[in-house]
Amino acid sequence: QDTYNSIVEWGQTIGKVTVECKDTPGFIVNRLLIPYMAEAARMLEKGDASAKDIDTAMKLGAGYPMGPLELIDYVGLDTTYYIMAGWAERFPDDPLFRKIDIIEKMFKDGKLGIKSGEGFYKY
């Protein structure tokens, strides 16, 4: 408890807002963000909508500064792939963490997003 209190106090002294969360995969932000990005990739993979339309819908409909596929390109398909693979291995029965073929293929093809010049978009 002393360590926790020290970290919260330190965060506040450097101007950060602190939050509390149990030890869960991805804590708060990534636990919500990774499945969101994954579902966008699944939609694209199934042909439900184009990458541009998925991203445009989330930017205009939800007020997000970038769409989920743009965000995967920004984070990197390699990073996204490794996060999802680790979660899928650790929690094989959780459908939120199941493998996504399009992300695996793009990663193996070296399409890593902005850092490689191509992902869901060309840069």
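Computed from a prediction, not measured in an experiment: that's the story for all the values here.

Draft legend 1. Structural view of the packing of helix α2 (residues 29–46) against helix α4 (residues 68–75). Contact pair α2 / α4: the axes reach a minimum separation of 9 Å and the direction vectors enclose 115°. One element, α2, and the other, α4, form an angle in the roughly perpendicular class. Along this stretch, α2 crosses α4, giving a crossing that reads as left-handed. Across from L33, Y36, M37, A40, A41 and L44 in α2, the residues of α4 making contact are P68, L69, L71 and I72.

Draft legend 2. Spatial organisation of the nonpolar core. Residues A41, L69, I72, I100, I102, I103 and F120 are the most contacted members of the largest nonpolar core, which totals 22 residues. Those elements giving two or more residues to this core turn out to be α2, α3 (51–62), α4, α5 (77–90) and α6 (101–108). For this core, the leading source of residues is α2, giving five residues. I100 has contacts with A38, A41, R42, E45 and M84, leaving out every residue within four places of it along the chain.

Draft legend 3. Focus on the UniProt feature "domain: 3-hydroxyacyl-CoA dehydrogenase C-terminal" (unreviewed entry) in the chain. Here, the residues flagged by UniProt with the feature "domain: 3-hydroxyacyl-CoA dehydrogenase C-terminal" (unreviewed entry) are residues 26–123. Its end C-alpha atoms 28 Å apart, residues 26–123 is made of 61% helix and 0% strand.

Draft legend 4. Summary view of a nonpolar patch on the surface. A cluster of nonpolar side chains, contributed by V17, V19, I28, V29 and L32, occupies part of the molecular surface with about 550 Å² of accessible area. Position of V17 among the secondary structure elements: in the loop between α1 (2–13) and α2. Since its relative accessible area comes to 78%, V17 is described here as exposed.

Draft legend 5. Focus on the environment of D78. Secondary-structure assignment places D78 in helix α5. Taking C-alpha positions, D78 is 8.6 Å from K108, a pair spaced 30 residues apart along the chain. If we ignore the near neighbours within four places in the chain, the residues touching D78 are F107, L112 and K115.

Criteria and cut-off values
- Residues numbered from 1 in each chain as written.
- Predicted model: local features only at pLDDT ≥ 70, side-chain atom pairs only at ≥ 80, totals over all residues.
- Heavy atoms only, no water.
- Axes fitted to C-alpha atoms, helices over the stretch in contact; angles between N-to-C directions.
- Helix = DSSP H or I, 4+ residues; strand = E, 2+ residues; numbered from the N terminus.
- Parallel < 35°, antiparallel > 145°, perpendicular 65-115°, else oblique.
- Left-handed = near helix turned anticlockwise from the far one by under 90°.
- Contact = heavy atoms within 4.5 Å.
- Core = buried A, V, L, I, M, F, W, Y, C linked by side-chain atoms within 4.5 Å.
- Buried < 20%, exposed > 50% of the residue type's maximum accessible area, 1.4 Å probe, protein only.
- UniProt positions renumbered as here; feature names shortened; annotations may be inferred.
- Patch = residues over 30% accessible without salt bridge, like charges linked within 9 Å, V, L, I, M, F, W, Y side chains within 5 Å.
- Areas by Shrake-Rupley, 256 points an atom, 1.4 Å probe, with all protein chains shown as cover.
- Salt bridge = Lys/Arg side-chain N within 4 Å of Asp/Glu carboxyl O.

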